[in-house]
Amino acid sequence: MAKFIISCDEATTICDKSQYGEATFFEKIKLNFHFLICKVCGLYSKQNAKMTNVYKMKANDCKKENRCLSTEEKEHLKKELQKIEA
Amino acid sequence: MTENETKHTLDPNTWIDKYADYLFNYAVVRVNNNDIAKDLVQDTFFAGLKSAKNFEGKAAERTWLVAILKRKVIDYYRKINSKKGKAEVRMNFYEEGDNEGSWIEERVPQTWDNDADKMIETEELKTTIDQCIDKLPEKYALVFRMKTIQEFETEEICKELNITASNLWVIIHRARTQLRKCMEDNWFNN
């Protein structure tokens, strides 16, 4: 039984891990057991899911962005490279 | 001479047009800073030129350049690690002693006011998150970004940064706890 009792620190770490779908089955059991006795972590978990949505939105933004170097930057790089070659 | 035909060759004059953007993208998602990424790309080309004579033609030109860049990125990580390493150690969300592992008062989650309204996607929301991420210690921000924003596999991050998986989850946990608190103060309840 003692194996199932975890601290809030451990509980919220598992909670974060589960946001990425990487918590193990046993970890999820421990987490849900902890929720029964700890409302604070329950709230953390609820808000954590919301934060995950916010982060996903950021991740999507990031994927849309295709970052390139400008033509001037490339010209500058070429000059620098030629200096070395010479 | 059939063997020579399959060998890859280097053509430094075309490097920038062919690979600069690819390498820049590779670097910028890892260091999250355009100027640093630019420097790393430049360093990569320089190092490539200098060691061109050692190129054995076993890998394609681009693969070879990426391998060089990869080492440059790792060197950069090492540098920020040693700089910020000391500051991180004392960063601790939980009290020592009797209360170890439980919430310290200021970190206890508060109920969020009308969070449904506040979840609507706006530029302001995005800016607030960026500001909160920037407040994290550099290493936390880096691991958090790689895992959450760039969506790298856990294994890949561990390999690149040379950390263990449990190490990664502790960093992610600390980053997310700090971000949650920052968003609570600056977005949800302000």
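Parameters at a glance
- Note that residues are indexed from 1 along each chain, following the sequence as it is written.
- By the order in which they are written, chains take letters starting at A while ligands take numbers starting at 1.
- With the structure being a predicted model, the display of local features is reserved for residues of pLDDT at least 70 and the display and counting of side-chain atom pairs for 80 or more, all residues being used for whole-chain, interface and lining totals.
- The numbering of helices and of strands both runs from the N terminus, where a helix is a DSSP run of H or I of at least 4 residues and a strand a run of E of at least 2.
- Between the two quantities, the radius of gyration covers C-alpha atoms and the globule rule is 2.2 Å times the number of residues to the power 0.38.
- Partly exposed residues are those whose C-beta has more than 12 but fewer than 20 other C-beta atoms within 10 Å; with 20 or more the residue is buried, with 12 or fewer it is exposed, and the C-beta atoms are placed from the backbone.
- A pair of residues counts as a contact when their C-beta atoms, built from backbone coordinates, are within 7 Å of each other.
- Polar here means any residue outside two lists: the nonpolar Ala, Val, Leu, Ile, Met, Phe, Trp, Tyr, Cys and Pro, and the charged Asp, Glu, Lys and Arg; Gly therefore counts as polar.
- Boundaries of every domain are those given by an automatic assignment or by a domain database.
- The predictor rates its confidence in each residue with pLDDT, a number between 0 and 100.
- Any nonpolar core is a set of buried residues, restricted to Ala, Val, Leu, Ile, Met, Phe, Trp, Tyr and Cys, that join up through C-beta atoms within 7 Å.

**Quick look at the overall build of chain A**
Okay, so step 1: Of the regular secondary structure elements, chain A holds four helices and zero strands.
Okay, so step 2: In sequence order, the secondary structure elements of chain A are arranged as α-α-α-α.
Okay, so step 3: Taking 86 residues into account, the globule formula puts the C-alpha radius of gyration at 12 Å, and chain A, at 23 Å, lies well above it.
Okay, so step 4: Looking at chain A as a whole, 19% of its 86 residues are labelled buried.
Okay, so step 5: Across chain A, contacts joining residues at least 24 apart in sequence account for 55% of those joining residues at least 6 apart.

**Some remarks on the interface of chain A and chain B**
Okay, so step 1: In this complex, chain A contributes 34 residues to the contact, which on the side of chain B involves 39 residues.
Okay, so step 2: Looking at the side of chain A that touches chain B, the elements with two or more residues in it are α1 (8-18), α3 (39-64) and α4 (71-85) of chain A.
Okay, so step 3: The leading source of residues in the side of chain A that touches chain B is α3(A), at 13 residues.
Okay, so step 4: When grouped by side-chain class, the residues that make up the side of chain A that touches chain B number 16 nonpolar, five polar and 13 charged.

**As for the domain arrangement of chain B**
Residue and element names in this part refer to chain B.
Okay, so step 1: Looking at the assigned domains, one finds that chain B contains domain 1 (2-85) and domain 2 (91-188).
Okay, so step 2: With seven residues of domain 1 at the contact, the number on the domain 2 side is seven residues.
Okay, so step 3: Considering every element that reaches the side of domain 1 that touches domain 2, the biggest residue donor is helix α4 (residues 61-89), with five residues.
Okay, so step 4: The class makeup of the residues in the side of domain 1 that touches domain 2 is four nonpolar, two polar and one charged.

**A closer look at the confidence of the model for chain A**
Okay, so step 1: Of all residues in chain A, 95% attain a pLDDT of 70 or more, and the chain-wide mean is 89.
Okay, so step 2: Model confidence for chain A, summarised as mean pLDDT per element, is weakest for α4(A) at 85 and strongest for helix α2 (residues 25-37) of chain A at 95.

**A short note on the environment of B:Arg30**
Residues and elements named next belong to chain B.
Okay, so step 1: Relative to the helices and strands, Arg30 resides in helix α2 (residues 15-31).
Okay, so step 2: In this structure Arg30 comes out as buried when scored by C-beta crowding, with 25 C-beta atoms within 10 Å.
Okay, so step 3: Along the sequence, Arg30 and Lys181 sit 151 residues apart, while their C-alpha atoms lie 25 Å from each other.

**Some words on the nonpolar core**
Okay, so step 1: Grouped together as the largest cluster of nonpolar side chains are 24 residues, with contacts concentrated most on B:Ile133, B:Tyr140, B:Val143, B:Phe144, B:Ile172 and B:Ala175.
Okay, so step 2: Breaking this core down by element, the ones donating at least two residues are α3 of chain A together with α6 (123-135), α7 (138-149), α8 (154-161) and α9 (165-188) of chain B.
Okay, so step 3: Broken down by element, the residue count for this core peaks at nine residues, all from α9(B).
Okay, so step 4: Leaving out residues up to four positions away in the same chain, B:Phe144 has contacts with B:Ile133, B:Leu136, B:Ile172 and B:Ala175.
Okay, so step 5: If you look at the next biggest cluster of nonpolar residues, it comprises 19 residues, including A:Leu69, B:Ala20, B:Leu23 and B:Val31.

**A closer look at unusual backbone geometry**
Residue and element names in this part refer to chain B.
Okay, so step 1: Unlike most non-glycine residues, Asn32 shows phi in positive territory, near 55°.
Okay, so step 2: Topologically, Asn32 is positioned in the loop between α2 and α3 (34-50).
Okay, so step 3: When the 19 C-beta atoms within 10 Å are taken as the criterion, Asn32 is described as partly exposed.
Okay, so step 4: Non-glycine residue Asn162 carries a positive phi angle of around 60°.
Okay, so step 5: Position of Asn162 among the secondary structure elements: in the loop between α8 and α9.
Okay, so step 6: Assessed through the 11 C-beta atoms surrounding it within 10 Å, Asn162 is described here as exposed.

**What to know about the environment of B:Thr44**
Okay, so step 1: Within the secondary structure, B:Thr44 sits in helix α3.
Okay, so step 2: Setting aside residues up to four positions removed in sequence, B:Thr44 forms contacts with B:Leu23, B:Leu65, B:Ile68, B:Leu69 and B:Lys72.

**Things to note about the confidence of the model for chain B**
Okay, so step 1: Considering every residue of chain B, the mean pLDDT works out to 83; 84% of them sit at 70 or more.
Okay, so step 2: No element of chain B has a lower mean pLDDT than helix α1 (residues 2-6) of chain B, at 51, and none a higher one than α3(B), at 93.

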